[in-house]
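Residue-level structural notes
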Amino acid sequence: MTRPSQTSPHHLRPALRVGVTAGLTLALAAIAQQAPSSPGMRALGTFIIMMGFGVAGYFAARRSGVLHRNAGYSVGALSGLIAGLCVSCAFVVASLLQSFDPASVERLQAEVAQQLSPLQVQQMEAANIDLGTLTQFSLALSIACCGLGFPIAGLTLGALGGASGAMRNHRA
């Protein structure tokens with residue numbers, strides 16, 4: 001027999017459903033974020049994705065009916081992790097596709113060049129590093145960091161949202 005604060009299998013089904021639904025929705029936001037736009041729009045996309053992880057955890061806890069914060073953490077973390085994995089996969093695929101498109105690579109090179117100071121350009125020339133190499137390194141680093149970062153952020157923010165949703169269930 002499980003204690004009321006523990007999650008049971010019937011609590012996990014809603015978390016899985018909410019996680020997949022939120023993950024697919026947020027994956028669309030991650031793909032749209034890769035489209036050429038201003039840095040402000042990219043920041044807004046990142047904010048929407050991060051908020052979505054917390055909202056996914058909240059709704060997972062609400063739908064599962066958990067009444068205790070600890071159970072809400074678990075249900076929300078599961079939902080957020082699933083959503084984070086979906087977003088991570090979409091981001092990695094979109095970034096990889098972008099790396100094979102010459103027009104996208106040129107746009108990325110222009111963005112990287114804008115961010116470099118004249119001193120940094122001199123240092124790159126002295127080290128025989130061309131802008132194309134730096135751009136590919138930047139893209140690979142972005143794929144690696146976001147590929148790992150989105151699931152971790154989903155897990156963390158989903159757990160916080162889940163705890164909030166459980167406390168809301170407890171009050172109702």
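See the structure printed just above.
Residues numbered from 1 in each chain as written. Predicted model: local features only at pLDDT ≥ 70, side-chain atom pairs only at ≥ 80, totals over all residues. Heavy atoms only, no water.

1. Notes on the state of the cysteines
The condition is simple: In plain terms, two cysteine sulfur atoms within 2.5 Å form what is called a disulfide here. Only protein chains enter the calculation, and the probe is 1.4 Å; a residue is then buried if its accessible area is under 20% of its type maximum, exposed if over 50%, and partly exposed in between.
For the coordinates displayed, the defined rule picks out zero disulfides. Here Cys86 is not disulfide-linked; the sulfur of Cys89 is the nearest cysteine sulfur, at 6.8 Å. Unpaired in this structure, Cys145 has its nearest cysteine sulfur neighbour in Cys146, at a distance of 6.7 Å. The partly exposed category is assigned to Cys145, whose relative accessible area is 48%.

2. Quick word on the nonpolar core
To keep things clear, this is the line we draw: To qualify as a nonpolar core, a set must consist of buried Ala, Val, Leu, Ile, Met, Phe, Trp, Tyr and Cys residues joined through side-chain atoms within 4.5 Å. Numbering goes from the N terminus for both helices and strands, where a helix is a DSSP run of H or I of at least four residues and a strand is a run of E of at least two. Residue contacts are counted whenever heavy atoms from the two residues lie within 4.5 Å of one another.
Judged by nonpolar contacts, the single largest core of 19 residues is most densely connected at Ile49, Phe53, Ala60, Val66, Val75, Val87 and Phe150. Residue assignment for this core shows that the elements contributing at least two residues are helix H1 (9-33), helix H2 (39-64), helix H3 (69-100) and helix H6 (131-171). Not counting chain neighbours up to four residues away, the residues in contact with Val66 comprise His11, Ala61, Ala71, Gly72, Val75, Ala166 and Asn169.

3. Overview of the pattern of salt bridges
The test is simple: In the sections that follow, a salt bridge refers to a side-chain nitrogen of Lys or Arg positioned within 4 Å of a carboxyl oxygen of Asp or Glu.
Applying the stated criterion across every chain, the model contains two salt bridges. Arg42 is the partner of Glu111 in a salt bridge, and the nearest nitrogen-oxygen pair spans 3.1 Å. Residue Glu111 is found in helix H4 (residues 102-115), and its partner Arg42 is found in helix H2; the two are separated by 69 residues along the sequence. Since its relative accessible area comes to 22%, Arg42 is described here as partly exposed. With a closest N to O distance of 2.9 Å, Arg107 and Glu111 form a salt bridge. Residue Arg107 and its partner Glu111 are both found in helix H4; the two are separated by four residues, about one turn of the helix.

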